[in-house]
Amino acid sequence: MLDSMNKNDDVISGVRVRFAPSPTGYLHIGGARTALFNWLFARHNNGVFLLRIEDTDQQRSTKEATQAILESMKWLGLDWDEGPYFQSQRLPIYKRYAEQLVAQGNAYYDTDAEGRTAIRFKMQDNVIILNDLVHGAITFDAAVIEDFVILKADGFPSYNFACVVDDADMKITHVIRGDDHISNTPKQIALYNAMEVRLPEYAHIPMILGEDGSRLSKRHGATSVTEYRDKGYLPQALVNFLALLGWSPGNDQEILSMREMIEKFSLKRVNKTSAQFDNTKLNWMSGQYIKNTSIEELTAAARLFFEKSDIDTTGISINRLSRLIELYHERFKNLQELVDQTRFFFTDSVEYDPAATDKFLKREGISEILKEVYSAISLLNSFDRQGLEGCLRDLTAKAGIGFSKIAQPIRVAITGRSASAGIFETMELLGKETTLKRLENTIKNMDGITNAVGL
RNA sequence: UGGGAGGUCGUCUAACGGUAGGACGGCGGACUCUGGAUCCGCUGGUGGAGGUUCGAGUCCUCCCCUCCCAGCCA
């Protein structure tokens, strides 16, 4: 590393860690958090972070999943120094080690009822102690662990074996992974011992659960990094949020840049308790990041996002689009919300929220009020926020009504919604022509309705 | 069932054995334009029962609950 991100004196030298997903689906947020902790640990210690694809299940592994995982890693900003290595390309290595274990008497050939012959590792009757960096010492009685397959009949290694062979071969110094692997660890330690390889350090980090406290699965809605990207979350926001699931910097600071996370990250401050993924708090954090992002940056990102949402922005200048973003800057928590809130800006056929029209338009006297608004502002020479405010406040003052009496009907008429950015700013941005047209259409529709009812 | 891990506000978290604090949410105000924006305030917790101790979220015992491993899945 040319520019060392960490100048603290707690740096461990020679650190090599890895993230080793199996390519059976998208990168989910639990895996992303495991990758993040490994990455933070590597960067904090100026070590090496490598990627290894555990594609040893020929049925379930796909090229598409591998691509999706790599893309998600890049999107999150988790760059790797080595790899990706593919276990499917290392078959001879596993075979060699497995046969050596057989030769040593630590493993044996075993044929099952279906006639498939595999190599099975023989567990001893000893006590195995795992000194975990997060959990402390954990003791296992190896006698209760059954012999397990290390090399399958198809020549592929099983998980525990491939993991140990590769971690040893790739000189991994710290194994940081989900604590669902704690129960696998005594098997892996037994393998290390049989292979006479030095053990890595272990840090088993707590799992991330769904919002109902159960293990993450598809029925929890969005669980993959890809889905959060597609909803328009900023990668840094998701990273920051994930970092704080199971780790804290030791104070009350919640918004941390990548650099700060790297500086402050320590396995000592990783806790043992699983965390439920709370989308509501993610939204809050995402909103914080949106607010801290410049209008220029947001405008560029928003344009891409609008296009992906089938909203044509080609006729809208950067200047005009950035004015829209500026108005809504503090009102959206992800780009999808921006799209939902500002659809009215891009179309002449505004979608009207029925609840909003019921509450603010389909009321007695509203049509008359809007007509007055219409004629008042159509006389304005400078259709800007100051001119509009002066004109409309004047109108309500003369009529002796509260300003919200006209603000809400106008808002619904021109945006279709009961909540929006400031009403003068919105009218200014839409422009005189569009504003008047929408008011006119609204008035026509209302009169049509009231006439029909015979009022 | 056997083995393993873990239980602090609804959620994420903090607390050398020494006043259980922060954040999100929720609720309530304020903003003579909305609120799903912003600001302010409030609410709410150590799974249960014993024990050790001047003092227990923290240490001990028993119980309860959740999750993981026990696949030729990872």
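Residues numbered from 1 in each chain as written. Chains lettered and ligands numbered in written order. Predicted model: local features only at pLDDT ≥ 70, side-chain atom pairs only at ≥ 80, totals over all residues. Heavy atoms only, no water.

- Per an unreviewed UniProt entry, chain A carries the name Glutamate--tRNA ligase and comes from Kuenenia stuttgartiensis.

1. Notes on the overall build of chain A
Alright, step 1. Within chain A, the secondary structure is distributed over 18 helices and 12 strands.
Alright, step 2. Overall size of chain A, expressed as C-alpha extent along the three principal axes, is 100 × 55 × 35 Å.
Alright, step 3. Here chain A holds 455 residues, and 50% of them are scored as buried.
Alright, step 4. Long-range pairs, those at least 24 residues apart, make up 72% of the contacts in chain A with a sequence separation of at least 6. (Helix = DSSP H or I, 4+ residues; strand = E, 2+ residues; numbered from the N terminus. Buried < 20%, exposed > 50% of the residue type's maximum accessible area, 1.4 Å probe, protein only. Contact = heavy atoms within 4.5 Å.)

2. Concerning the UniProt feature "domain: Aminoacyl-tRNA synthetase class I anticodon-binding" (unreviewed entry) in chain A
Alright, step 1. Per the UniProt annotation, the sites labelled "domain: Aminoacyl-tRNA synthetase class I anticodon-binding" (unreviewed entry) are residues 317-443.
Alright, step 2. Within residues 317-443, the helical portion is 68% and the strand portion 0%, while the C-alpha atoms at the span's ends are 31 Å from each other. (UniProt positions renumbered as here; feature names shortened; annotations may be inferred.)

3. Structural notes on the protein's contact with RNA strand B
Alright, step 1. Residues in close proximity to RNA strand B total 65 residues, the closest being Arg 116, Glu 254, Lys 291, Arg 331 and Arg 411.
Alright, step 2. Near the protein, meaning within 4 Å, the atoms of RNA strand B are sugar or phosphate in a fraction of 71%, with bases accounting for the rest.
Alright, step 3. Taking Ser 183, its side chain carries an N or O atom lying 2.9 Å from a base nitrogen of RNA strand B.
Alright, step 4. For RNA strand B, a phosphate oxygen lies 3.1 Å from a polar atom in the side chain of Ser 248. (Near = heavy atom within 4 Å. Polar contact = N/O pair within 3.5 Å; in protein donor to acceptor, adjacent residues only side chain to side chain.)

4. Concerning the layout of surface pockets
Alright, step 1. In this model, the largest pocket occupies a volume close to 1300 Å³.
Alright, step 2. Lining the largest pocket are 41 residues, with Pro 21, Ser 22, Thr 24, His 28 and Arg 215 sitting closest to its centre.
Alright, step 3. If you list the elements that add at least two residues to the lining of the largest pocket, you get strand 1 (16-19), helix 1 (29-44), helix 4 (159-169) and strand 9 (174-178).
Alright, step 4. The greatest single-element share of the lining of the largest pocket, amounting to 5 residues, is contributed by helix 1.
Alright, step 5. For the lining of the largest pocket, the residue count by class is 14 nonpolar, 16 polar and 11 charged. (1 Å grid on protein atoms, 1.4 Å probe; cavity = no way out; pocket = protein on both sides within 12 Å on 5 of 7 lines; lining within 4 Å. Points joined across faces, edges and corners; volume = space filled by probe spheres on them. Nonpolar A, V, L, I, M, F, W, Y, C, P; charged D, E, K, R; others polar.)

5. Points about the pattern of salt bridges
Alright, step 1. As enumerated under the stated definition, the model contains 25 salt bridges in all.
Alright, step 2. Linking Asp 79 and Arg 43 is a salt bridge whose minimum nitrogen-to-oxygen distance equals 3.6 Å. Residue Asp 79 is found in the loop between helix 2 (63-76) and strand 3 (82-86), and its partner Arg 43 is found in helix 1; the two are separated by 36 residues along the sequence.
Alright, step 3. In this structure, Asp 112 engages Arg 116 in a salt bridge whose closest nitrogen and oxygen atoms are separated by 2.8 Å. (Salt bridge = Lys/Arg side-chain N within 4 Å of Asp/Glu carboxyl O.)

6. What to know about the UniProt feature "short sequence motif: 'HIGH' region" (unreviewed entry) in chain A
Alright, step 1. Residues annotated by UniProt as "short sequence motif: 'HIGH' region" (unreviewed entry) correspond here to residues 21-31.
Alright, step 2. Taken as a whole, residues 21-31 contains 27% helix and 0% strand, while its terminal C-alpha atoms sit 7 Å from one another.

7. Re the packing of helix 3 (residues 91-104) against helix 4
Helices that pack against each other are described as a pair by the angle of their axes relative to one another and the distance between those axes.
Alright, step 1. Close contact between helix 3 and helix 4 brings their axes to 10 Å; oriented N to C, the two are set at 100 degrees. On the basis of their axis angle, the class for helix 3 and helix 4 is roughly perpendicular. Residues Ile 93, Tyr 94, Tyr 97, Ala 98 and Leu 101 of helix 3 form the contact with helix 4, whose own contacting residues are Phe 161, Ala 162, Val 165 and Asp 166. (Axes fitted to C-alpha atoms, helices over the stretch in contact; angles between N-to-C directions. Parallel < 35°, antiparallel > 145°, perpendicular 65-115°, else oblique.)

8. Section: helix 7 (residues 235-243)
Alright, step 1. A large share of helix 7 lies buried, amounting to 7 of its 9 residues.
Alright, step 2. Taken together, the buried positions of helix 7 are occupied by Ala 237, Leu 238, Val 239, Asn 240, Phe 241, Leu 242 and Ala 243.
Alright, step 3. Residues of helix 7 that are buried in the fold lie against helix 1, helix 2, strand 11 (208-209), helix 6 (225-230), helix 8 (258-264) and helix 9 (279-291).

9. Observations regarding the nonpolar core
Alright, step 1. Among the nonpolar cores identified, the biggest contains 104 residues, and Met 73, Phe 277 and Ile 377 are the most heavily contacted of them.
Alright, step 2. Top contributing element to this core by residue count: helix 1, with 9 residues.
Alright, step 3. Once residues lying within four places of it in the same chain are set aside, the contact partners of Ile 377 are Phe 383, Leu 388, Cys 391, Leu 392, Met 427, Lys 432, Thr 435, Leu 436 and Leu 439. (Core = buried A, V, L, I, M, F, W, Y, C linked by side-chain atoms within 4.5 Å.)

10. Focus: the sheet that holds strand 3
What links the strands of a sheet is backbone hydrogen bonding, and the strands pair in either a parallel or an antiparallel sense.
Alright, step 1. Read from one edge to the other, the open sheet built from 3 strands follows the order 1-2-3, with strand pairing classed as parallel. Where the open sheet ends on each side, the last strands, each with one partner, are strand 1 and strand 3. The sheet shows a mean angle of 25 degrees between the axes of neighbouring strands, taken without regard to direction.
Alright, step 2. Bridging between strand 2 (residues 48-53) and strand 3 involves 3 bridges; their strand directions are parallel. Across the sheet, residue Ile 53 finds its bridge partner in strand 3, namely Phe 86.
Alright, step 3. In the packing of helix 1 onto the sheet, contacts are made with strand 1 and strand 2, and the angle to strand 1 comes to roughly 165 degrees. (Pairing = 2+ DSSP bridges.)

11. Examining the sheet that holds strand 8 (residues 148-151)
Alright, step 1. Here 3 strands make up an open sheet; going across it, the order is 4-5-8 and the pairing antiparallel. Unpaired on one side and paired on the other, strand 4 (107-111) and strand 8 mark the two borders of the sheet. Along the sheet, successive strands turn relative to each other by an average axial angle of 50 degrees, direction set aside.
Alright, step 2. Two strands pair when backbone bridges link them, and strand 5 (residues 117-121) and strand 8 are joined in this way by 3 bridges, in the antiparallel orientation. When the sheet's bridge partners are listed, Phe 121 is paired in strand 8 with Phe 148.

12. Structural notes on the side chain of Asn 184
Alright, step 1. Tracing the backbone shows Asn 184 in the loop between strand 9 and helix 5 (185-195).
Alright, step 2. Classification of Asn 184 by relative accessible area gives buried; the value is 16%.
Alright, step 3. Those residues in contact with Asn 184, other than ones at most four positions away along the chain, are Tyr 159 and Asn 160.

13. Structural notes on the environment of Glu 263
Alright, step 1. Among the secondary structure elements, Glu 263 is positioned in helix 8.
Alright, step 2. Taking the C-alpha atoms as reference points, Glu 263 and Asn 45, 218 residues apart in sequence, are found 9.2 Å from one another.

14. Concerning the domain arrangement of chain A
Alright, step 1. Partitioning chain A into structural domains gives domain 1 (16-80 + 207-280), domain 2 (90-205), domain 3 (293-344) and domain 4 (354-448).
Alright, step 2. With 9 residues of domain 3 at the contact, the number on the domain 4 side is 11 residues.
Alright, step 3. Across the domain 3 to domain 4 interface the summed buried area is about 950 Å²; carbon plus sulfur atoms make up 58%.
Alright, step 4. On the domain 3 side of the contact with domain 4, Arg 323, Leu 327 and Phe 344 bury the most area, a combined 57% of that side's loss.
Alright, step 5. Taken together, domain 3 and domain 4 are joined by 1 salt bridge.
Alright, step 6. In this structure, the salt-bridge partner of Glu 428 is Arg 323, at a minimum N-O distance of 3.7 Å.
Alright, step 7. Seen at the junction of domain 3 and domain 4, the total is 5 residue pairs in polar contact (both at pLDDT 80 or more).
Alright, step 8. Elements supplying a minimum of two residues to the side of domain 3 that touches domain 4: helix 11 (318-328) and helix 12 (335-342).
Alright, step 9. It is helix 11 that contributes the most residues to the side of domain 3 that touches domain 4, 5 residues altogether. (Domains from an automatic or database assignment. Buried area = accessible area lost by both parts, 1.4 Å probe.)

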